[in-house]
Amino acid sequence: MDDRRPAGPPDPELDLEHFRLIRDLIRAFCGIHFGDDARYLVERRLRDRLDVVGVPDFAEYYRFLRYDTAARSEVEEAVEALTTNETYFFREEYQLRAFRDEILPEVERRNRERKKLVVWSAGCSTGEEVYTIAMMLLESGRCEGWDVRVFGNDINRRVIAQARRGVYGRSAFRATSSERRARFFREEDDGLHVTDRVRGLAHFGHLNLLDEDRIALVGRVDVVFCRNVLIYFDAAARSKALHTLWDRLVPGGWLLLGHAESLINSSTSFEIARLREDLVYRKPETAR
Amino acid sequence: MDPTVRAQFASPDPEVRRSAIADLQGRADGSSVAFLVAALGDADWRVRKEAIRVTASFADRAAVIPALVAALGTPENVGLRNAAVEALTIVGTPAVAPLLGALPAMGADTRRFAIEALGEIGDPAATSALVEALADQEPNVRYAAGEALGRIGGEAAAQALLSVLTVSDDLLRLAALDGLNRMGAPVPISVVAPLAERKALRGAALTALGRCPSGEAVSILSSALKDRSPSTARAAATALGRLIGSSDDGAGEATSRLRALSSDEVSLLSDLARSGTEEERIAAVRLLGAAQHPEGLAALVEAAGDDSIVREVERALLVWGPAVLDALLVLLDRTSSRAAASLIPLLPALATGRDPTPIQRRLRTLLSTDEDGLAAAAADAVGRLQATGEIDGLMTALRRGGPRTIRASCRALLAIATRDRAAVRRAVAGTPLEGRGAEAVCEVLAAVAVPEDGATFRAALASEDARVRRAAIDALATLGGPDAAEAIPFALADEAPEVQATAARALGRIGGPRASDALLAALSATDARVRAAAARALADAKEPRAVPLLRERVRSEDGLVALAALEALAVLGDASLGSLLVEALGHADAEVVKQALRSIGALREPRAATRIALCLDHPSWDVRSTAATLLGALRDPESQAALTARLATEEDSLVTSAIAEALGRLEPGNQRHG
């Protein structure tokens, strides 16, 4: 067994022209935009799809996406393959601390009559952020006995199924202390399971952030985490998504973006709120 | 302007002011300009942003550009000046001449803002004015000119920036270095090496050293990895990573330096590989791979979970070679599924020269996992090893796995069959062609089939699963003979269009009068996919009777059918296609237009270039790009004017480079005359 070279034909490569054609299709379908530097990522993540639909190269795959009667479901499959991003618990903890120590007390004061709190993780991927928020809520000891819901949505059906399952491998714990691991997870053969108490706060839905009609299912929310999601959108889709977030937030509600994101180049009515450890956005109290 | 709108502009509530501006979008007239420019200096950032957006899209540029240029000279309102720069940047090239015209009369402070705007616009028409500004009496103007030239780029800008690297003004040298770094322009090591000694210039100089392929640059950058300043060490790592990724010069020096890295340096690179920008992560992965320090392996393995840089990880591990294998096997259990799935297919290459048994044992376990990606990766690796001993495991995975595992197991069995056909046949023959993975079993059986298997495939044509029926058709076509010629035409009556299309393709492969008759009839099938498959199959079968029918199909509104007909006619060599192709250039589907262009190019008729040039103004960028490429290939000197004219207005980068390439081929000496 001396010959260890890969058997079979070489992996198909995605040339710039077909990358752009496929990218344009995806953008038209869901507003998600991939820059030219994402060509290799797209090639790698869609390579399996060629074999599944039975085409030899990306030129034929593009034609499949354009002409086949199964094109729509295949575009969905492609979007799923391209948007599955790994994340981990307690990511960007400074922002989570800002949520727990500064935003949460304010929301608790404001909502003490109706005893209800809704947090939305927009574009929640495999659920780590949703469960993290739930854990932060439990840690804070606030809103005890309230109707508390942490809702996560994603365009990718597969990641939502994974999120509901609530079972995670080691790489999801790169920023989780052993105390938190012991408190909020139980170890089983197939991985670390989120405890029922945490799961009880978490809700998931397969919703496209740009689907205005269906996104109304989220209801009105007090806080939105939308971290590292808007970066995938083109300007039009980003503007639409921001409008949706605005629409879902209660007056005075909070919007938390990823650390490298800002609304500085967007037309927006959100106010900037400077917290001790973070800069976040807020829907003005006077807005309706 | 309506008094209500005036009142809204004067409202104390910023949201009212912002909404009033947003409402002007598309409705603003000359009387609105003063309000818009005033709003650019509003105290609230949201109002300013809205005003920038509306002002920059203002149709009457002759009215708005002078107002924006004038707004640069308002030292009392920095917000207004910055907003004016931003709006002028969005306006772009039309603002360049007015800015250049106003430059000489501007005060030093205003010149700085105008130069900033010229840099942001990035139009080379400003280059000579900016080169002049490098010698401006006012230091801030000189620095702004350095930055602006870096943004505009080009040879003249690079030369000008290089020339100021030897002046004594560190801030100007920093602006020049930053500009050269932004452009990616080469800088002589003799010039940049001394700059790396100066604290203020060190970071930018180290970045520039990343473009100086030499042992000396490697030496300076390697030493800088130990720098106390984390940002300097990061800059050095990024530059060194770029250097060793782009050139072999200094490779020996780099290897010996990197193999001697300390734990602290490896820790820095590991952090960079985990949390740096993409460029930093790529550089760190390269350096960790070259360093081959055991403490750096964990970060490399984690980085394999990032599809943007996994290719670098693969290279790094392959360079590391078999020595990394044992540690890698341990880390596979601890890393993310995506990273593990990326690394598993590398195992066979890393096991070269070693006993493959431990790897095969691990792959066997992985093949049976529930995680589709991991099991598929294991199947891929088994295929690369062509490990006959794993055939049973692959068969099980093929029957129980997820979709990716089934396909990967199928590929692996096909790969093993090229080495040991009999062993694969023993495993697969007699396996029922039904249930999960049956279509893959059928495909494998087809690869190792004997004539007697024809009956099995014919029976599979009755499967409830359309995928199995398709696989059986392909298998019969591979087997050939009377079984195929007899059975496949019936499949054109299958209830599933995808099965009909597969049958059409198969008939094209086997050929013969009966197949051709069936395919000619299938050109009128209800489903476009079947019609398209039949058109292409008739070309495969070299069937001349198809030509008149295919010419009709070129006029089909359905893009798929028109495209297939055009492709088939090109294969069949229809000599009288000319006018039909010109007609197809007007088809609504860009794919059809591109195929028509290719066919026109291939026919090389006298007017080919003129006809192709018509599509240089097509609304689809891919059509324009195809037209430019074909014109370059034709090398007809008469195309030059059309290409040059299009280049002046083309905004798509891919089309621009296709036109530039075509023009290059049309240069004297490259042209084809007559």
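Residues numbered from 1 in each chain as written. Chains lettered and ligands numbered in written order. Predicted model: local features only at pLDDT ≥ 70, side-chain atom pairs only at ≥ 80, totals over all residues. Heavy atoms only, no water.

### A few points about the overall build of chain A
- Across its full length, chain A carries 11 helices and 10 strands.
- For a compact globule of 288 residues, the expected C-alpha radius of gyration is about 19 Å, and chain A comes in at 21 Å, within 12% of that figure.
- Along the longest, intermediate and shortest principal axes, the C-alpha atoms of chain A span 65 × 50 × 30 Å.
- Every one of the 288 residues in chain A was classed for burial, and the buried ones make up 57%.
- Considering only contacts in chain A between residues 6 or more positions apart, those separated by 24 or more positions represent 75%.
- Accessible surface, chain A: about 13,000 Å² in total, of which carbon and sulfur atoms supply 45%.
- A gap of 5 Å separates the mean positions of the 47 positive and 50 negative side-chain charges of chain A. (Helix = DSSP H or I, 4+ residues; strand = E, 2+ residues; numbered from the N terminus. Rg over C-alpha atoms; globule rule 2.2 N^0.38 Å. Buried < 20%, exposed > 50% of the residue type's maximum accessible area, 1.4 Å probe, protein only. Contact = heavy atoms within 4.5 Å. Areas by Shrake-Rupley, 256 points an atom, 1.4 Å probe, with all protein chains shown as cover. Lys, Arg positive; Asp, Glu negative; His and termini not counted. Charge placed at Lys NZ, Arg CZ, Asp CG, Glu CD.)

### Re the overall build of chain B
- Within chain B, the secondary structure is distributed over 44 helices and 0 strands.
- A globule of 674 residues ought to have a C-alpha radius of gyration of about 26 Å, yet chain B, at 33 Å, is considerably larger.
- Over its C-alpha atoms, taken along the principal directions, chain B stretches across nearly 90 × 70 × 65 Å.
- By the burial criterion, 55% of the 674 residues in chain B qualify as buried.
- Across chain B, contacts joining residues at least 24 apart in sequence account for 62% of those joining residues at least 6 apart.
- For chain B, the accessible area works out to roughly 28,300 Å², and carbon and sulfur atoms hold 52% of it.

### Digging into the packing of helix H34 (residues 497-510) of chain B against helix H35 (residues 513-522) of chain B
Residues and elements named next belong to chain B.
- Taken N-terminus to C-terminus, the directions of H34 and H35 make an angle of 145°; their axes are 9 Å apart at the nearest point. In the packing of H34 onto H35, the handedness of the crossing is left-handed. For the pair H34 and H35, the contacting residues are Ala-504, Leu-507 and Gly-508 in the first and Ala-515, Ala-518 and Leu-519 in the second.
- Of the residues belonging to the contact of H34 with H35, the class tally is 5 nonpolar, 1 polar and no charged. (Axes fitted to C-alpha atoms, helices over the stretch in contact; angles between N-to-C directions. Left-handed = near helix turned anticlockwise from the far one by under 90°. Nonpolar A, V, L, I, M, F, W, Y, C, P; charged D, E, K, R; others polar.)

### Observations regarding helix H12 (residues 170-183) of chain B
All names here are of chain B.
- Given a rise of 1.5 Å per residue, 14 residues ought to cover 20 Å, and the 20 Å separating the end C-alpha atoms of H12 matches this to within 8%.
- Within H12 the residues assigned to the buried category are Asp-170, Leu-172, Arg-173, Ala-175, Ala-176, Leu-177, Gly-179, Leu-180 and Asn-181.
- If you follow the buried residues of H12, they end up packed against helix H10 (139-152), helix H11 (155-163), helix H13 (189-195) and helix H14 (202-209).
- For H12, the capping residue at the N-terminal end is Asp-169, with a side-chain oxygen 3.0 Å from the backbone nitrogen of Leu-171.
- Of the residues flanking the end of H12, it is Gly-184, one or two places downstream, whose phi is positive at about 70°. (Expected span 1.5 Å × (residues − 1). Polar contact = N/O pair within 3.5 Å; in protein donor to acceptor, adjacent residues only side chain to side chain.)

### Points about the interface of chain A and chain B
- Counting residues at the interface gives 41 residues for chain A and 53 residues for chain B.
- Applying the counting criterion to the chain A and chain B interface returns 11 salt bridges.
- For the salt bridge of Asp-68 of chain A with Arg-529 of chain B, the shortest nitrogen-to-oxygen distance reads 3.3 Å.
- In this assembly, chain A and chain B are joined by 17 residue pairs in polar contact (both at pLDDT 80 or more).
- Sort the elements by how many residues they give to the side of chain A that touches chain B and helix H2 (residues 39-53) of chain A lands first, with 7 residues.
- Split by residue class, the side of chain A that touches chain B holds 16 nonpolar, 9 polar and 16 charged. (Salt bridge = Lys/Arg side-chain N within 4 Å of Asp/Glu carboxyl O.)

### A short note on the confidence of the model for chain A
- Here chain A averages 88 in pLDDT, and 95% of its residues register 70 or above.
- Counted against residues more than four places away or in other chains, residues 1-7 of chain A, with its pLDDT under 50, gives 20 contacts. (pLDDT = per-residue confidence, 0-100.)

### What about the domain arrangement of chain A?
Residues and elements named next belong to chain A.
- Domain annotation of chain A identifies domain 1 (16-82) and domain 2 (93-282).
- The C-alpha-based centres of domain 1 and domain 2 are spaced at 29 Å.
- In this complex, domain 1 contributes 9 residues to the contact, which on the side of domain 2 involves 10 residues.
- Both faces considered, domain 1 and domain 2 share a buried interface measuring about 880 Å² in area, 45% of it formed by carbon and sulfur atoms.
- Joining domain 1 to domain 2, the criterion identifies 4 salt bridges.
- Of the charged contacts, one joins Arg-158 and Glu-77 as a salt bridge, the two residues approaching to 2.8 Å between their closest N and O atoms.
- Taken together, the connections running from domain 1 to domain 2 amount to 7 residue pairs in polar contact (both at pLDDT 80 or more).
- Among the elements that take part in the side of domain 1 that touches domain 2, helix H4 (residues 71-83) stands out by supplying 4 residues, more than any other. (Domains from an automatic or database assignment. Buried area = accessible area lost by both parts, 1.4 Å probe.)

### Regarding the environment of Val-593 of chain B
Residues and elements named next belong to chain B.
- Relative to the assigned elements, Val-593 resides in helix H40 (residues 590-603).
- Between the C-alpha atom of Val-593 and that of Asp-370, which follows or precedes it by 223 residues, the distance is 46 Å.
- Setting aside residues up to four positions removed in sequence, Val-593 forms contacts with Ala-584, Leu-585, His-587, Cys-615, His-618 and Val-623.

### Looking at the sheet that holds strand S1 (residues 116-122) of chain A
Residue and element names in this part refer to chain A.
- Spatial strand order, S6-S2-S1-S7-S8-S10-S9: 7 strands in an open sheet with mixed pairing. Unpaired on one side and paired on the other, strand S6 (202-206) and strand S9 (271-274) mark the two borders of the sheet. Each strand of the sheet is rotated relative to its neighbour by a mean of 25°, with strand direction disregarded.
- Direction of pairing for S1 relative to strand S7 (residues 221-226): parallel, over a ladder of 3 bridges. In the strand pairing of S7, Val-119 is matched with Val-223.
- Across the sheet, helix H11 (residues 235-248) lies against S1, S7 and strand S8 (249-257), angled at about 135° from S8, the strand it touches most. (Pairing = 2+ DSSP bridges.)

### Digging into the environment of Arg-665 of chain B
- Mapped onto the elements of the fold, Arg-665 of chain B is located in helix H44 (residues 653-665).
- For the pair Arg-665 of chain B and Ala-633 of chain B, spaced 32 residues apart in sequence, the C-alpha separation works out to 7.5 Å.

### Comments concerning the pattern of salt bridges
Residues and elements named next belong to chain A.
- Applying the stated rule across the entire model yields 80 salt bridges over all chains.
- A salt bridge links Glu-139 to Arg-180, with the shortest nitrogen-to-oxygen separation between them at 2.6 Å. Residue Glu-139 is located in helix H6 (residues 128-140), and its partner Arg-180 is located in helix H8 (residues 178-184); the two are separated by 41 residues in the primary sequence.
- Relative accessible area serves as the criterion here: at 24%, Glu-139 is assigned to the partly exposed category.

### Structural notes on the packing of aromatic side chains
- For the structure on display, the rule yields 9 aromatic pairs over all chains.
- Aromatic side chains Trp-246 of chain A and Phe-270 of chain A sit 5.2 Å apart centroid to centroid with 80° between the ring planes, which places their arrangement in the edge-to-face category. Placement of the pair is Trp-246 of chain A in helix H11 and Phe-270 of chain A in the loop between S8 and S9, with a sequence separation of 24 residues.
- Here Phe-270 of chain A falls in the buried class, since its relative accessible area comes to 1%.
- Aromatic rings pair up to connect Phe-89, Tyr-131, Tyr-168, Phe-173, Phe-185 and Phe-204 of chain A into one cluster.
- Arg-20 of chain A extends its terminal NZ or CZ atom over the ring of Trp-621 of chain B, reaching a point 4.2 Å from the ring centre.
- Between Arg-514 of chain B and the ring centre of Phe-490 of chain B, over which it is positioned, the NZ or CZ distance is 5.9 Å. (Phe/Tyr/Trp six-rings, centres within 6.5 Å; stacked < 30°, edge-to-face > 60°. Lys NZ or Arg CZ within 6 Å of the ring centre and 35° of its normal.)

### Re the pairing of S9 of chain A
Residues and elements named next belong to chain A.
- In terms of strand pairing, S9 meets strand S10 (residues 279-282) through 4 bridges, oriented antiparallel. Residue pairing for S10: Ile-272 is matched across the bridge by Tyr-281.
- Connecting S9 to the antiparallel partner S10 that follows it, the hairpin turn spans 4 residues.

### What to know about the environment of Leu-263 of chain A
- Mapping Leu-263 of chain A onto the fold places it in the loop between S8 and S9.
- Spatially, the C-alpha atoms of Leu-263 of chain A and Leu-242 of chain A are 9.3 Å apart, while their sequence positions differ by 21 residues.

### Quick look at the pairing of S10 of chain A
- Pairing of S8 of chain A with S10 of chain A, which is carried by 2 bridges, proceeds in the antiparallel orientation. Of the residues in S10 of chain A, the one forming a bridge with Leu-255 of chain A is Tyr-281 of chain A.

### Comments concerning the sheet that holds strand S4 (residues 185-188) of chain A
- Pairing is antiparallel across the open sheet formed by 3 strands, whose spatial order is S3-S5-S4 (chain A). Each having just a single partner strand, strand S3 (167-168) and S4 of chain A make up the two edges of the open sheet.

### Quick notes on helix H2 (residues 14-23) of chain B
Residue and element names in this part refer to chain B.
- For H2, the set of buried residues is Arg-17, Arg-18, Ala-20 and Ile-21. All buried residues of H2 project into a common sector of 160° when viewed along the axis, lining one side.
- In this structure Asp-13 caps H2, since a side-chain oxygen of it lies 2.9 Å from the backbone nitrogen of Glu-15. (Arc of directions from axis to C-beta.)

### Brief notes about the side chain of Arg-407 of chain B
- Structurally, Arg-407 of chain B can be placed in helix H28 (residues 403-417).
- A relative accessible area of 13% means that Arg-407 of chain B is categorised as buried.
- The residues contacting Arg-407 of chain B, other than those within four sequence positions of it, are Asp-51 and Val-52 of chain A together with Glu-443 of chain B.

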